[in-house]
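# A structural walkthrough
Chain residues, written in single-letter form:
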Amino acid sequence: QVQLVESGGGLVQAGGSLRLSCAASGRTFSSYAMGWFRQAPGKEREFVAAINWSGGSTYYADSVKGRFTISRDNAKNTVYLQMNSLKPEDTAVYYCATKRSQSYDYWGQGTQVTVSS
């Protein structure tokens with residue numbers, strides 16, 4: 001069982017920045033990949049970014065490439081999402097998830113990000 005707790009969401013003006021954190025329980029955090037997803041009102045959940053177990057490989061949705069950066073600190077069992085140049089269309093609930101095999105399995109409760117124009 002893995003528990004994930006996101007934090008760092010809030011209200012920010014367009015062009016601003018936020019850093020989301022996702023703290024994971026358990027002793028095997030450093031052995032699996034992690035991802036960030038988001039879901040806007042009335043829309044399906046979408047992939048935002050992912051990072052492999054070591055942090056050596058990262059992946060981004062085209063919509064956030066060049067603005068968002070995913071990173072992890074395995075000593076702190078935490079994955080981060082640095083979000084710069086935020087746009088109103090980035091408004092959503094952001095979720096982190098573990099990817100211990102072929103699919104994402106454990107999910108956090110989400111943190112709200114609201115970008116005002």
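The structure this text deals with has already been given above.
Presented here is a report on the structure given in the accompanying data block. (Residues numbered from 1 in each chain as written. Predicted model: local features only at pLDDT ≥ 70, side-chain atom pairs only at ≥ 80, totals over all residues. Heavy atoms only, no water.)

## Thoughts on the overall build of the chain
To keep things clear, this is the line we draw: Helix numbering and strand numbering both begin at the N terminus, where a helix is a DSSP run of H or I of at least 4 residues and a strand a DSSP run of E of at least 2. Only C-alpha atoms enter the radius of gyration; for comparison, a globular chain is expected to reach 2.2 Å times N to the power 0.38, where N is the number of residues. In what follows, residue pairs with any heavy atoms lying within 4.5 Å of each other are defined as contacts. Calculation of accessible area relied on Shrake-Rupley with a 1.4 Å probe; when residues are assessed, cover is drawn exclusively from the protein chains displayed. We treat Lys and Arg as the positive residues and Asp and Glu as the negative residues; His and chain ends play no part in the count. Every charge is mapped to an atom, namely NZ of Lys, CZ of Arg, CG of Asp or CD of Glu.
Looking only at helices and strands, one finds 0 helices and 10 strands in the chain. Rg of the C-alpha trace for the chain: 13 Å, near the compact-globule value of 13 Å for 117 residues, within the 12% margin. If you line up the chain on its principal axes, its C-alpha atoms span 40 × 25 × 25 Å. In the chain, of all internal contacts separated by at least 6 residues, the share reaching a separation of at least 24 is 52%. Total accessible area on the chain is roughly 6200 Å²; 46% of this is exposed by carbon and sulfur atoms. Measuring between centres, the 12 positive side-chain charges of the chain sit 6 Å from its 8 negative side-chain charges.

## A few points about the pattern of salt bridges
As a reminder, the rule being used: Just to be clear on terms, a salt bridge is a Lys or Arg side-chain nitrogen sitting within 4 Å of an Asp or Glu carboxyl oxygen. Note on exposure labels: buried denotes an accessible area under 20% of the residue type's maximum, exposed denotes more than 50%, and partly exposed covers the range between, all computed with a 1.4 Å probe on protein chains only.
For the structure shown, the criterion picks out 5 salt bridges. A salt bridge links Asp62 to Lys65, with the nearest nitrogen and oxygen atoms 3.2 Å apart. Relative accessible area serves as the criterion here: at 66%, Asp62 is assigned to the exposed category. Arg67 is paired through a salt bridge with Asp90; the nearest N and O atoms lie 2.8 Å apart. Here the residue Arg67 occupies a position in the loop between strand S6 (58-60) and strand S7 (68-73), and Asp90 occupies one in the loop between strand S8 (78-83) and strand S9 (92-99), the gap between them amounting to 23 residues.

## Things to note about the sheet that holds S8
For the record, the criterion: Any two strands between which DSSP finds at least two bridges are classified as paired. As a rule, the C-alpha atoms of each element are fitted with a line to give its axis, helices using only the stretch in contact, and angles between N-to-C directions run from 0 to 180 degrees.
Spatial strand order, S1-S3-S8-S7: 4 strands in an open sheet with antiparallel pairing. With partners counted over all chains shown, the strands left at the sheet margins are strand S1 (4-7) and S7, one partner each. The sheet shows a mean angle of 15° between the axes of neighbouring strands, direction not considered. Of the strand pairs in this sheet, strand S3 (residues 18-24) and S8 are connected by 6 bridges, and their pairing is antiparallel. When the bridges of S8 are listed, Ala23 appears paired with Thr78.

## Details of the environment of Gly9
Positionally, Gly9 belongs in the loop between S1 and strand S2 (10-13). Note: C-alpha distance between Gly9 and Ser31 (22 residues apart in sequence) is 26 Å. When residues no more than four places from it in sequence are discounted, the contact partners of Gly9 are Leu18, Leu20, Thr111, Gln112 and Val113.

## Things to note about the pairing of S9
Most of S9 sits inside the fold, with 6 of its 8 residues counted as buried. Note: S9 against strand S10 (residues 111-116), 3 bridges, orientation antiparallel. The residue bridging Val93 from the neighbouring strand is Gln112, located in S10.

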